[in-house]
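What follows is each chain in one-letter form.
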Amino acid sequence: MPNYDDLFTSQPAQREETPFDKDAWAARKQAEREGVYAMIDNYVHDMGVDGGVFQGYLDVQARFDLYSVSNAILIAAQCPEATKLADFDSWKADGVYVKQGQEAISILEPGKEYTRQEDGSTGVFCNVKKVFDISQTNSRQRPAPAVARDERLLLKALMNNAPCRFAISNELPEGVNVAYHAESSVIYVRQGLDAPTIFRGLAQELACAHMDKDGIACESPDFTAYSVSYMLCKRNGVSVEGFSFDRLPESYAMMDAKALRAEVGVIRDVAGTITADMNRLFAAQEKAQKNRDGGAR
């Protein structure tokens, strides 16, 4: 009869489990956060003195419009060409795998709330989250290109829910195609312009109108509006030829990281407000089209 006693007497030794060290874990997490915050501060410093770096941030924020300023900065610093991000487990759940040897992109994820001892206000702990761009995976899919919309619809969407009126004028100063007059709350547009020229000028002056209506203060309103126009053009497939960020406001070089983040935060928020108004019109248009298509069957 075969003997199986050896199965129970020659088992490998149990591996000793290392006890969880909460303090060491917390120290690692803190070091991770400090490294990410340092990366943000370094990039913001470069943004204040280098127009190319500043434009790189705008490009990322235009693609990731719902991301915070800090996370757009982190993406611009680590993977400026990123188009679609997810963590390892999310990619895996979709049947997509991260290629071997790829370096993760660190962003910040809100965690638990806490009370600040100095003034009793509420803050939010941020944890470092590791994500990967779709280009770092084995996915053959790539994000769909921006929808090419009818130019008239694009302009109507830009004007949707605007905080001012619009009027044609042939009395604008030479070289000025679109101008916002705060006193009368009207944006004047030169007659006979092509759609891209109207869009670029209208987006810039709409940004001024929104800041005026909402009482938004910033260091350089004209440059902020110019940057908003650039982001809206990038988001909507309008040519950005002619935009230049070679000359930044001189005050940017003197700002600390917190102040400059707040300044570009205005750009992000104003662009986001206009984008939300545009999207509402696009959604209504798409719904109406579906209803027409359904009724035609």
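Report on the accompanying structure.

Conventions used here
Residues numbered from 1 in each chain as written. Predicted model: local features only at pLDDT ≥ 70, side-chain atom pairs only at ≥ 80, totals over all residues. Heavy atoms only, no water. Helix = DSSP H or I, 4+ residues; strand = E, 2+ residues; numbered from the N terminus. Rg over C-alpha atoms; globule rule 2.2 N^0.38 Å. Buried < 20%, exposed > 50% of the residue type's maximum accessible area, 1.4 Å probe, protein only. Contact = heavy atoms within 4.5 Å. Lys, Arg positive; Asp, Glu negative; His and termini not counted. Charge placed at Lys NZ, Arg CZ, Asp CG, Glu CD. Core = buried A, V, L, I, M, F, W, Y, C linked by side-chain atoms within 4.5 Å. Pairing = 2+ DSSP bridges. Axes fitted to C-alpha atoms, helices over the stretch in contact; angles between N-to-C directions. Left-handed = near helix turned anticlockwise from the far one by under 90°. Nonpolar A, V, L, I, M, F, W, Y, C, P; charged D, E, K, R; others polar. Salt bridge = Lys/Arg side-chain N within 4 Å of Asp/Glu carboxyl O. Expected span 1.5 Å × (residues − 1). Parallel < 35°, antiparallel > 145°, perpendicular 65-115°, else oblique.

A word on the overall build of the protein chain
And step 1. Counting its regular elements, the protein chain contains nine helices and six strands.
And step 2. At 26 Å, the protein chain has a C-alpha radius of gyration far larger than the 19 Å of a compact globule built from 297 residues.
And step 3. Its C-alpha atoms give the protein chain principal-axis dimensions of about 105 × 65 × 35 Å.
And step 4. Counting the 297 residues in the protein chain, one finds 37% classified as buried.
And step 5. Taking the intrachain contacts of the protein chain between residues at least 6 apart in sequence as the baseline, contacts between residues at least 24 apart amount to 61%.
And step 6. Of note, the protein chain has its 33 positive side-chain charges centred 7 Å away from the centre of its 43 negative side-chain charges.

A closer look at the environment of L260
And step 1. Examined against the element boundaries, L260 turns out to sit in helix α9 (residues 257-295).
And step 2. The spatial distance from the C-alpha of L260 to the C-alpha of H45 is 8.5 Å, given a sequence separation of 215 residues.
And step 3. Every residue in contact with L260, bar those within four places of it in the chain, is listed here: V44, M47, G48, Y252 and M255.

Section: the nonpolar core
And step 1. Formed by 71 residues in total, the largest nonpolar core has its most connected members in M47, F54, Y57, L158 and F199.
And step 2. In contact with Y57, not counting residues within four places along its chain, are Y43, M47, V69, A72, I73, A76, V264 and R268.

Considering the sheet that holds strand β4 (residues 165-169)
And step 1. The strand order β4-β6-β5 describes an open sheet built from three strands, whose pairing is mixed. Each edge of the open sheet is held by one strand with a lone partner, namely β4 and β5 (178-181). Across the sheet, the axes of successive neighbouring strands diverge by a mean angle of 25°, strand direction being ignored.
And step 2. This element, helix α7 (residues 195-214), spans β4, β5 and β6 (186-190) of the sheet and lies at about 15° to β5.

Looking at the sheet that holds strand β1 (residues 85-86)
As a general point, the strands of a sheet are linked pairwise by backbone hydrogen bonds and lie either parallel or antiparallel.
And step 1. The sheet built from three strands is open, its strands ordered β1-β3-β2 with antiparallel pairing. Two strands close off the open sheet at either side, each with one partner strand: β1 and β2 (105-115).
And step 2. On the sheet, helix α2 (residues 22-49) packs against β2 and β3 (122-133) and is oriented at approximately 80° with respect to β3.
And step 3. The strands touched by helix α4 (residues 69-78) within the sheet are β1 and β2, with β2 carrying the most contacts at an inclination of about 155°.

Topic: unusual backbone geometry
And step 1. Residues other than glycine seldom take positive phi values, yet N161 does so here, at roughly 60°.
And step 2. Mapped onto the secondary structure, N161 falls in the loop between α6 (151-159) and β4.
And step 3. Judged by relative accessible area, N161 falls into the exposed class, the value being 53%.
And step 4. Even without a glycine there, the phi angle at S185 is positive, about 55°.
And step 5. Note that S185 resides in the loop between β5 and β6.
And step 6. Relative accessible area serves as the criterion here: at 25%, S185 is assigned to the partly exposed category.

Digging into the pairing of β5
And step 1. Sheet topology note: the β5/β6 ladder contains four bridges and is antiparallel. Bridged to Y180 within β6 is I187.
And step 2. In this antiparallel pair of consecutive strands, β5 and β6, the connection spans four residues, and S185 shows a positive phi of 55°.

Some words on the packing of α2 against helix α3 (residues 51-63)
And step 1. Two elements in contact, α2 and α3, have axes whose closest approach is 6 Å; the angle formed by their N-to-C orientations is 120°. Crossing of α2 against α3: the hand is left-handed. Mapping the contact onto sequence places Y43, D46, M47 and V49 in α2 and G51, V53, F54, G56 and Y57 in α3.
And step 2. Partitioning the contact of α2 with α3 into residue classes produces six nonpolar, two polar and one charged.

With respect to the pattern of salt bridges
And step 1. Within this structure, the stated rule accounts for seven salt bridges.
And step 2. A salt bridge links E32 to K29, with the nearest nitrogen and oxygen atoms 3.9 Å apart. Highlighted residues: E32 and K29, both in helix α2, separated by three residues, approximately one helical turn.
And step 3. Across the pair K234 and D59 runs a salt bridge whose closest N-O atoms are separated by 3.7 Å. Linking K234 in helix α8 (residues 221-235) with D59 in helix α3, this pair joins segments that are 175 residues apart in sequence.

Quick look at α8
And step 1. Taking 1.5 Å of rise per residue, the 15 residues of α8 would be expected to cover 21 Å, and the 21 Å separating its terminal C-alpha atoms lies within 8% of that figure.
And step 2. Residues F223, T224, A225, S227, V228, S229, Y230, M231, L232, C233 and R235 constitute the buried set of α8.
And step 3. Just beyond α8, the residue with positive phi is G237, at close to 70°.

Quick word on the packing of α6 against α7
The geometry of a pair of packed helices is captured by two quantities: the angle between their axes and the separation between those axes.
And step 1. Look at α6 against α7: their axes get within 10 Å of each other, and the N-to-C directions meet at 10°. Here α7 runs roughly parallel to α6, going by the angle between their axes. Here E151, L154, L155, L158 and M159 of α6 lie close against α7, whose contacting residues are A195, P196, I198, F199, L202, A203 and L206.
And step 2. Looking at the contact of α6 with α7 residue by residue, the classes come out as 11 nonpolar, no polar and one charged.

That's the geometry; what it means functionally is another story.
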